[in-house]
Amino acid sequence: MLAMNMQTRGELRIDPGQLGTDAFSGDLELVVPYTDPALTRALLRKAVALTAGLQARISLVAVHSVPFPADFHCATATHTFLVDRLTELASECPLPVNPLVVLARSRQEGFRYALRPESTILVGTYRHYFWRTSEERLARMLVSDGHKVALLHIEKEETHA
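Bear in mind that the values here come from a model prediction, so they are computed numbers and not experimental data. (Residues numbered from 1 in each chain as written. Predicted model: local features only at pLDDT ≥ 70, side-chain atom pairs only at ≥ 80, totals over all residues. Heavy atoms only, no water.)

Turning our attention to the overall build of the chain. Helix and strand counts for the chain stand at four helices and six strands. Written out in order from the N terminus, the α and β elements of the chain read β-β-α-β-α-β-α-β-α-β. Within the chain, buried positions represent 40% of all 161 residues. If you take every contact in the chain between residues at least 6 apart in sequence, the share linking residues at least 24 apart comes to 81%. Roughly 9600 Å² of accessible area belongs to the chain as shown, and the carbon and sulfur atoms make up 54% of that amount. (Helix = DSSP H or I, 4+ residues; strand = E, 2+ residues; numbered from the N terminus. Buried < 20%, exposed > 50% of the residue type's maximum accessible area, 1.4 Å probe, protein only. Contact = heavy atoms within 4.5 Å. Areas by Shrake-Rupley, 256 points an atom, 1.4 Å probe, with all protein chains shown as cover.)

In terms of backbone geometry, most residues other than glycine have negative phi values and most peptide bonds are trans. Positive phi is not limited to glycine here, since Glu-118 has a value of about 55 degrees. Secondary-structure assignment places Glu-118 in the loop between helix 3 (107–114) and strand 5 (120–126).

By secondary structure assignment, the location of Thr-120 is in strand 5. Among the residues examined, Thr-120 registers a relative accessible area of 10% and is labelled buried. For the pair Thr-120 and Ala-150, spaced 30 residues apart in sequence, the C-alpha to C-alpha distance is 7.8 Å.

Before going further, it helps to examine the packing of helix 3 against helix 4 (residues 134–144). Taken N-terminus to C-terminus, the directions of helix 3 and helix 4 make an angle of 45 degrees; their axes are 11 Å apart at the nearest point. When the axis of helix 3 is compared with that of helix 4, the two are oblique. Seen from above, helix 3 lies across helix 4 with right-handed handedness. In this structure, helix 3 uses Arg-107, Gln-108, Phe-111 and Arg-112 to contact helix 4, whose residues at the interface are Ser-134, Leu-138, Met-141 and Leu-142. (Axes fitted to C-alpha atoms, helices over the stretch in contact; angles between N-to-C directions. Parallel < 35°, antiparallel > 145°, perpendicular 65-115°, else oblique. Left-handed = near helix turned anticlockwise from the far one by under 90°.)

In structure tokens:
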């Protein structure tokens, strides 16, 4: 008899009103993928509202892709820029935020390396009606990897608030 390793699929929730359920007791660790500065800033503001009443912590993860066959050393200026950007965004959020920059050959590989199994992830995207955004594709990949993903549509005006 063959033993099969079945990977469980994650969960995708689109624009949930809140994250607080009976399933969350104690601390809640969220992951926010860094995509675009304005989008990420708006997503961090939404995270505060979604986690009201919970002890939430956020890991803000940026993936710096270094395609093959390029040398796997990150240019100091690029790395410093990403660290500074994440530190700035983290300082604006009232929740505890841990900024993390990951070097990888691809965006997908970087997130797979950085995330714990069954992580709870907030992905923000601008609403497009005719095509999937890169953030929506990222959310679907993360769900297929077994994570709990909340996909939040951000309106352009929310990025200027």
